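Examining the three-dimensional arrangement
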Amino acid sequence: MSTVIRKTREELERQRKELLESVHMSYTELRDRAAVYSLSMNELMIWHTIEGLDYLLEGES
């Protein structure tokens, strides 16, 4: 049995903001560090989560 999590656009945006705050980086800094493989494992997991959130937010347009 699969689980479905439903979130509003505002909840997704808030989660994205909180994730960036948790690593003390801007989106640009996190993206650039990901591009040169300069993230800790935790930071990388957060980066992948943000990529997923961005994908969902793009689909909401």
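In this text, all values refer to a predicted model and were calculated from it rather than measured experimentally.

On to helix α3 (residues 41–59). The end-to-end C-alpha distance of α3 is 28 Å, a good match for the 27 Å that 19 residues give at a rise of 1.5 Å each. Taken residue by residue, α3 has Glu43, Ile46, Trp47, Ile50, Leu53, Asp54 and Leu57 as its buried positions. Mapping the buried residues of α3 onto a view down its axis gives an arc of 125°, with all of them on the same face. Among the exposed residues of α3, those oriented more than 90 degrees off its buried face are Met41, Tyr55 and Gly59.

Moving on, we get to the packing of helix α2 (residues 27–35) against α3. Relative orientation of the contacting elements α2 and α3 amounts to 115°, with a least axis distance of 11 Å. Of the two elements, α2 crosses α3, and the hand of that crossing is left-handed. Residues Tyr27, Leu30, Arg31, Arg33 and Ala34 of α2 form the contact with α3, whose own contacting residues are Glu43, Ile46, Trp47, Ile50 and Asp54. The class makeup of the residues in the contact of α2 with α3 is 6 nonpolar, no polar and 4 charged.

Turning our eyes to something else, we now look at helix α1 (residues 9–23). Every α-helix carries 3.6 residues per turn, so stepping three or four residues along brings you back to the same face. Taking 1.5 Å per residue as the helical rise, α1 with its 15 residues ought to reach 21 Å, and the 22 Å between its terminal C-alpha atoms agrees with that figure. All buried positions along α1 are accounted for by Leu12, Leu19, Leu20 and Val23. All buried residues of α1 project into a common sector of 95° when viewed along the axis, lining one side. Projecting away from the buried face of α1 at angles above 90 degrees are the exposed residues Glu10 and Lys17. Where α1 is buried, its residues touch α2 and α3. The positive-phi residue at the C-terminal boundary of α1 is His24, with phi of around 55°.

Basis of the calculations
Residues numbered from 1 in each chain as written. Predicted model: local features only at pLDDT ≥ 70, side-chain atom pairs only at ≥ 80, totals over all residues. Heavy atoms only, no water. Helix = DSSP H or I, 4+ residues; strand = E, 2+ residues; numbered from the N terminus. Expected span 1.5 Å × (residues − 1). Buried < 20%, exposed > 50% of the residue type's maximum accessible area, 1.4 Å probe, protein only. Arc of directions from axis to C-beta. Axes fitted to C-alpha atoms, helices over the stretch in contact; angles between N-to-C directions. Left-handed = near helix turned anticlockwise from the far one by under 90°. Contact = heavy atoms within 4.5 Å. Nonpolar A, V, L, I, M, F, W, Y, C, P; charged D, E, K, R; others polar.

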